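Summary of structural features
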Amino acid sequence: MFVTMILVMIVFLLIFIKIEKDIPKYGTAITIIDILFRGFILSWCAGISLLNHLSGGEIIIYIIAIISIAVTPLYRPFNLFVSYGVIHTYFLILLPFFNTSGDHLFSYYINSSSILIMSWAISCMRIKNSVED
């Protein structure tokens, strides 16, 4: 998983370096790459959190990713909602298969979903304040 992260981040870095030279030209491409980047980060962190469960770990890496995505960049609320919804749905579906003990499964569902909703709301407030400024 970590080798995959490094390789994909190198690819994104090269793409970002190319795009930054002529941002107006790549408007649509930037949106698509943004969605792919956000989806990769959330998917990777969800995958690591699921793998951590095999050895009794927690879902904190995924939770941190959700919060970081909400507070670091400015995303359109609908795009972020779709990204969060798709990745979180897969995470919730796969969680029982990786949580071998069955302990705390319900609390993981409630807590991760609550953090996701609060993070989305924070992101919406940030973009609203940015537009007003």
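The notes below deal with the structure included here. (Residues numbered from 1 in each chain as written. Predicted model: local features only at pLDDT ≥ 70, side-chain atom pairs only at ≥ 80, totals over all residues. Heavy atoms only, no water.)

Moving on, we come to the overall build of the protein chain. Secondary structure assignment for the protein chain yields five helices and zero strands. Looking at the protein chain residue by residue over its 133 residues, the buried ones come to 32%. For the protein chain, restricting intrachain contacts to residue pairs at least 6 apart in sequence, the fraction spanning at least 24 positions comes to 69%. Accessible surface for the protein chain amounts to roughly 8200 Å². Of this, 73% is attributable to carbon and sulfur atoms. (Helix = DSSP H or I, 4+ residues; strand = E, 2+ residues; numbered from the N terminus. Buried < 20%, exposed > 50% of the residue type's maximum accessible area, 1.4 Å probe, protein only. Contact = heavy atoms within 4.5 Å. Areas by Shrake-Rupley, 256 points an atom, 1.4 Å probe, with all protein chains shown as cover.)

Enumeration over the complete set of coordinates arrives at one salt bridge. R38 is the partner of D34 in a salt bridge, and the nearest nitrogen-oxygen pair spans 3.2 Å. With a gap of four residues between them, D34 and R38 both fall in helix α2 (residues 27-53), about one helical turn apart. For R38, a relative accessible area of 1% translates into the label buried. (Salt bridge = Lys/Arg side-chain N within 4 Å of Asp/Glu carboxyl O.)

Ranked by internal contacts, the top residues of the largest apolar core, which has 29 residues, are L42, Y62, I69, Y84, F91 and L95. Residue assignment for this core shows that the elements contributing at least two residues are α1 (2-19), α2, α3 (60-71), α4 (77-98) and α5 (105-132). Here the element with the most residues in this core is α2; it accounts for nine residues. (Core = buried A, V, L, I, M, F, W, Y, C linked by side-chain atoms within 4.5 Å.)

Tracing the backbone through its elements, the reader meets S123 in helix α5. The exposure class assigned to S123 is buried, which follows from its relative accessible area of 3%. For S123, the residues in contact, after removing those within four places along its chain, are A70, Y75 and L80.

Below, the discussion takes up a nonpolar patch on the surface. Residues F78, F81, V82, V86, Y90, I93, L94 and F97 make up a contiguous nonpolar surface patch of about 870 Å² in total accessible area. You can see F81 is positioned in helix α4. (Patch = residues over 30% accessible without salt bridge, like charges linked within 9 Å, V, L, I, M, F, W, Y side chains within 5 Å.)

Applying the stated rule across the entire model yields six aromatic pairs. An angle of 25° between the planes, with centres 5.9 Å apart, marks the rings of F12 and F16 as stacked. Of this pair, F12 and F16 are both found in helix α1, four residues apart, which corresponds to roughly one turn of the helix. On the basis of an interplanar angle of 85° and a centroid distance of 5.1 Å, the ring pair of F12 and F37 is categorised as edge-to-face. Highlighted residues: F12 in helix α1 and F37 in helix α2, separated in sequence by 25 residues. What makes F37 partly exposed here is its relative accessible area of 23%. An aromatic cluster of at least three residues, connected via ring pairs, comprises F12, F16 and F37. Positioned above the aromatic ring of Y75, the side-chain terminus of R38 is 4.2 Å from the ring centre. (Phe/Tyr/Trp six-rings, centres within 6.5 Å; stacked < 30°, edge-to-face > 60°. Lys NZ or Arg CZ within 6 Å of the ring centre and 35° of its normal.)

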